[in-house]
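Chain by chain, the residues run as shown.
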Amino acid sequence: MKKLFSFMAIVAIVLVSNCSRIPENNDPVIGIWYKVDVINSGETNKQTIRQEWIFNDAYLGRYQKYNGSVLDFKTDFSWVADNEIYTISYPGTEMIKDVVSMKESPEGMLLENVKGEILAKRE
């Protein structure tokens, strides 16, 4: 009787563990994207603003904004893909949603908004 109970327990554990697998997300947007702006404020003063979007496979990510080498702002975001159009939402902030698509250029892969402006470049 103990062998039957042990066998049934092992079968139950295997069935439960197989049912909880998360489907693999291989979306090409997954990775680090960035944009760098250099602002001239005088003849010798240059200010570098770097923005980063880090997309992960759980449809979430992290947005970070650096002023020079100092982290100025960071927040989490969520993203949705629909026919190669990506909508990036920044809950808990006043940032507006970004709607972008991926384009290939001589510079590399780019995220471009609906107006044709470049949001970010793949790192």
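The structure under discussion appears in the preceding block.
In this report, the structure presented in the accompanying data block is examined. As the structure is a prediction and not an experimental result, all values here were calculated from the model.

The number of helices and strands found in the protein chain is one helix and eight strands. The order of α-helices and β-strands along the protein chain, N terminus first, is α-β-β-β-β-β-β-β-β. Relative to its length of 123 residues, the protein chain is extended, with a C-alpha radius of gyration of 22 Å against a globular reference of 14 Å. Expressed along its principal axes, the backbone C-alpha trace of the protein chain runs to roughly 85 × 30 × 30 Å. Within the protein chain, the proportion of its 123 residues that are buried is 23%. Long-range pairs, those at least 24 residues apart, make up 26% of the contacts in the protein chain with a sequence separation of at least 6. Taken as a whole, the protein chain presents about 9100 Å² of accessible surface, with 56% of it coming from carbon and sulfur. Separation of charge centres in the protein chain, based on 14 positive and 17 negative side chains, amounts to 9 Å.

What follows concerns a nonpolar patch on the surface. The grouping of Met1, Leu4, Phe7, Met8 and Val11 at the surface amounts to a nonpolar patch, some 580 Å² of accessible area in total. Checked against the element boundaries, valine 11 lands in helix 1 (residues 2-19).

Before going further, it helps to spend a moment on the sheet that holds strand 3 (residues 60-67). Taken in spatial order, the eight strands close into a barrel running 1-2-3-4-5-6-7-8, and their pairing is antiparallel. For this sheet, the mean inter-axis angle between neighbouring strands, taken without regard to orientation, is 30°. Sheet topology note: the strand 3/strand 4 (residues 70-82) ladder contains eight bridges and is antiparallel. Within the sheet, the bridge partner assigned to arginine 62 lies in strand 4 and is aspartate 76.

Definitions and cut-offs
- Per chain, the residues get numbers from 1 upward, laid out in the order the sequence is written.
- Predicted model: local features are reported for residues with pLDDT of at least 70 only, side-chain atom pairs are reported and counted for 80 or more only, and whole-chain, interface and lining totals are derived from all residues.
- Each side-chain value is worked out from all heavy atoms of the structure, with water and hydrogens disregarded.
- Under the DSSP-based scheme used, a helix requires at least four consecutive residues in state H or I and a strand at least two consecutive residues in state E, with every element numbered from the N terminus.
- Each radius of gyration reported is based on C-alpha atoms, and the globular scaling rule is 2.2 Å times the count of residues to the power 0.38.
- Here's how the labels work: a residue is buried when its accessible area is under 20% of the maximum for its type, exposed when over 50%, partly exposed in between, all with a 1.4 Å probe on protein chains only.
- The criterion used for residue contact is that any of the two residues' heavy atoms lie within 4.5 Å.
- Here the open area of atoms and residues is found with the Shrake-Rupley method and a 1.4 Å probe, where only the protein chains shown may cover a residue.
- In this tally, Asp and Glu contribute negative charge and Lys and Arg positive charge; neither His nor the terminal groups of the chain are included.
- A single reference atom marks each charge: NZ on Lys, CZ on Arg, CG on Asp, CD on Glu.
- Nonpolar side chains (Val, Leu, Ile, Met, Phe, Trp, Tyr) are joined into patches within 5 Å and like charges within 9 Å, using only residues with over 30% relative accessible area and no salt bridge.
- By definition here, a salt bridge exists when the distance from a side-chain nitrogen of Lys or Arg to a carboxyl oxygen of Asp or Glu is within 4 Å.
- By definition, two strands form a pair when at least two bridges between them are found by DSSP.
- Axis geometry follows a simple rule: fit a line to the C-alpha atoms, using only the stretch in contact for helices, then measure angles between N-to-C directions, giving values from 0 to 180 degrees.

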